Amino acid sequence: MEPIRSLASFPPGGVALVLGAGGIGSALVRRLRDVGRFDRIVVGCRSPDKARPLASHEPGRAKVLVETADLLDAGSLQSLARTIGSMHRPLRLAICATGLLHQGADLRPERRLEDVTRENLEMMFAVNAIGPLLAARYLVPVLPRLERSVFAAISARVGSIGDNRLGGWYGYRGSKAALNQFLRCTALELRRRAPGAIVAALHPGTVATPLSKPFQAGVPADRLFAPEYSATRLLEVIDGLSPQDSGGFFAWDGGSIPW
Ligand SMILES: NC(=O)c1ccc[n+]([C@@H]2O[C@H](COP(=O)([O-])OP(=O)(O)OC[C@H]3O[C@@H](n4cnc5c(N)ncnc54)[C@H](OP(=O)(O)O)[C@@H]3O)[C@@H](O)[C@H]2O)c1
């Protein structure tokens, strides 16, 4: 296991939020708990019972709380923001680690135009782009105005238009490109509203999670990251972000990704 850096770029204490308790989200929560920079870690997810094992309250360590949050239900995001607001601690870090690439037999990444359907496109955009933007809408008011804070969402390199050489995956690529644009707009708005806030789109690498499972066969073993490794690298990238980086798109190794 990689040593964990301290996240010393954040003032100590306060709240860190991870939306989504999937492979990468759960690993982020465990790493944040180990670092101990924040005194509350909130996990927002659709099925709190499934994520309950992440909850903890050990003396001397960050308290981990699991709350309900469904990206398809704006009311749940609003009440999550209210819950965080009532903690009387600043929200210093929010990471949206949710995402959708496939679901059941009917929602699969499209290989050609004939695979494209309105229903699947709408679902991809709802989860991958609109949901994180609504999360920003409700969470931004809880971020401190002047002190350093980060709102990051896990995007994907395949959402890069400049880097698209293979085509296909219309819904996933298009919704991640929309997410990137939404994050960029948010970053520009926050320059005025909360100059301490940094907004970033992050690519986690190819990570062994349920999302990538059907597509892992062709990935060389040394390019398929364990969730813990990706989470550690993403937290390092977040720790190194400066206000000038706000609105950018960064990979797990800190490299900038073209739009
Ligand atoms: N794994 C990779 O190789 C890879 C590569 C590039 C980018 N990414 C991105 O990394 C992020 C995390 O993915 P992952 O690999 O950790 O996949 P994962 O294990 O499948 O996790 C995805 C999470 O998104 C949540 N989610 C889906 N729809 C939601 C909704 N309506 N409301 C709230 N949560 C919802 C899922 O919740 P449930 O647990 O309730 O289903 C799950 O926790 C995604 O944005 C993905 O696009 C992953």
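Note: the structure precedes this text.
Residues numbered from 1 in each chain as written. Predicted model: local features only at pLDDT ≥ 70, side-chain atom pairs only at ≥ 80, totals over all residues. Heavy atoms only, no water.

K.L.:
Explain the packing of helix α4 (residues 118–139) against helix α5 (residues 170–193) to me, please; I cannot follow it from the model alone.
P.N.:
Direction vectors running N to C along α4 and α5 enclose 15°, while the axes themselves pass 8 Å from each other. In terms of their interaxial angle, α4 and α5 are classed as roughly parallel. The crossing of α4 and α5 is right-handed. Here α4 contributes Leu 121, Met 124, Phe 125, Asn 128, Ala 129, Ile 130, Pro 132, Leu 133 and Ala 136 to the contact with α5, which in turn contributes Tyr 170, Gly 171, Tyr 172, Gly 174, Ser 175, Lys 176, Ala 178, Leu 179, Phe 182 and Thr 186. For the contact of α4 with α5, the residue count by class is 13 nonpolar, 5 polar and 1 charged. (Axes fitted to C-alpha atoms, helices over the stretch in contact; angles between N-to-C directions. Helix = DSSP H or I, 4+ residues; strand = E, 2+ residues; numbered from the N terminus. Parallel < 35°, antiparallel > 145°, perpendicular 65-115°, else oblique. Left-handed = near helix turned anticlockwise from the far one by under 90°. Contact = heavy atoms within 4.5 Å. Nonpolar A, V, L, I, M, F, W, Y, C, P; charged D, E, K, R; others polar.)

K.L.:
Please explain the environment of Ala 231 as it appears in this structure.
P.N.:
Mapped onto the elements, Ala 231 comes out in helix α6 (residues 227–240). In this structure, the C-alpha to C-alpha distance between Ala 231 and Arg 30, residues 201 residues apart in sequence, is 9.0 Å. Each residue touching Ala 231, except ones within four places of it in the same chain, is listed here: Ala 27, Leu 28 and Arg 31.

K.L.:
What is the right way to look at the pattern of salt bridges in this model?
P.N.:
Side chains that differ in charge, positive against negative, can pair when their charged atoms come close. Counted by the stated rule, this structure contains 10 salt bridges. The salt bridge partner of Asp 39 is Arg 89, with a shortest N-O separation of 3.0 Å. On the criterion of sequence distance, the pair formed by Asp 39 in the loop between α1 (23–35) and β2 (40–45) and Arg 89 in the loop between α3 (74–85) and β4 (91–96) is long-range, its members being 50 residues apart. Between Asp 49 and Arg 52 there is a salt bridge, and its shortest N-O distance comes to 3.4 Å. One network of salt bridges, with partners in common, ties together Asp 34, Glu 58 and Arg 61. (Salt bridge = Lys/Arg side-chain N within 4 Å of Asp/Glu carboxyl O.)

K.L.:
Honestly, the environment of Val 140 in this entry has me stumped. Any pointers?
P.N.:
Position of Val 140 among the secondary structure elements: in the loop between α4 and β5 (149–154). Exposure remark for Val 140: the relative accessible area of 10% places this residue in the buried category. The spacing of Val 140 and Leu 91 is 49 residues in sequence and 8.9 Å in space, taken between C-alpha atoms. Setting aside residues no more than four positions away along its own chain, Val 140 makes contact with Leu 190 and Arg 193. (Buried < 20%, exposed > 50% of the residue type's maximum accessible area, 1.4 Å probe, protein only.)

K.L.:
Is there a simple way to think about the sheet that holds strand β1 (residues 15–19) in this case?
P.N.:
Whenever strands of a sheet pair, they do so through backbone hydrogen bonds, lying parallel or antiparallel. Across the sheet, 7 strands lie side by side as β3-β2-β1-β4-β5-β6-β9; this open sheet has parallel pairing. In the strand order of this sheet, the two ends are held by β3 (63–68) and β9 (248–251), each with one partner. Each neighbouring strand pair of the sheet contributes to a mean axis angle of 20°, computed without reference to strand direction. When β5 meets strand β6 (residues 197–203), the two strands line up parallel, connected through 6 bridges. Each residue of the ladder has a partner; that of Ala 153, found in β6, is Ala 201. Against the sheet, α4 contacts β1, β4 and β5, and its axis sits at roughly 165° relative to β5. (Pairing = 2+ DSSP bridges.)

K.L.:
Got a minute to help me understand the packing of aromatic side chains in this structure?
P.N.:
The relation between two aromatic rings is expressed through the spacing of the ring centres and the mutual angle of the planes. Scanning the model with the defined rule gives 7 aromatic pairs in all. Ring centres 6.0 Å apart and planes at 75° place the aromatic pair Trp 169 and Tyr 172 in the edge-to-face group. Judged by relative accessible area, which is 8%, Tyr 172 ranks as buried. Between the aromatic rings of Phe 249 and Trp 259, the centroid separation amounts to 5.7 Å while the plane-to-plane angle is 20°, which identifies the pairing as stacked. Residue Phe 249 is found in strand β9, and its partner Trp 259 is found in the segment after β9; the two are separated by 10 residues along the sequence. For Phe 249, a relative accessible area of 1% translates into the label buried. What makes Trp 259 partly exposed here is its relative accessible area of 39%. Each member of the aromatic cluster is reached from another via a ring pair, and the members are Trp 169, Tyr 172 and Phe 215. (Phe/Tyr/Trp six-rings, centres within 6.5 Å; stacked < 30°, edge-to-face > 60°.)

Bear in mind that shape data such as this cannot, by itself, settle questions of function.
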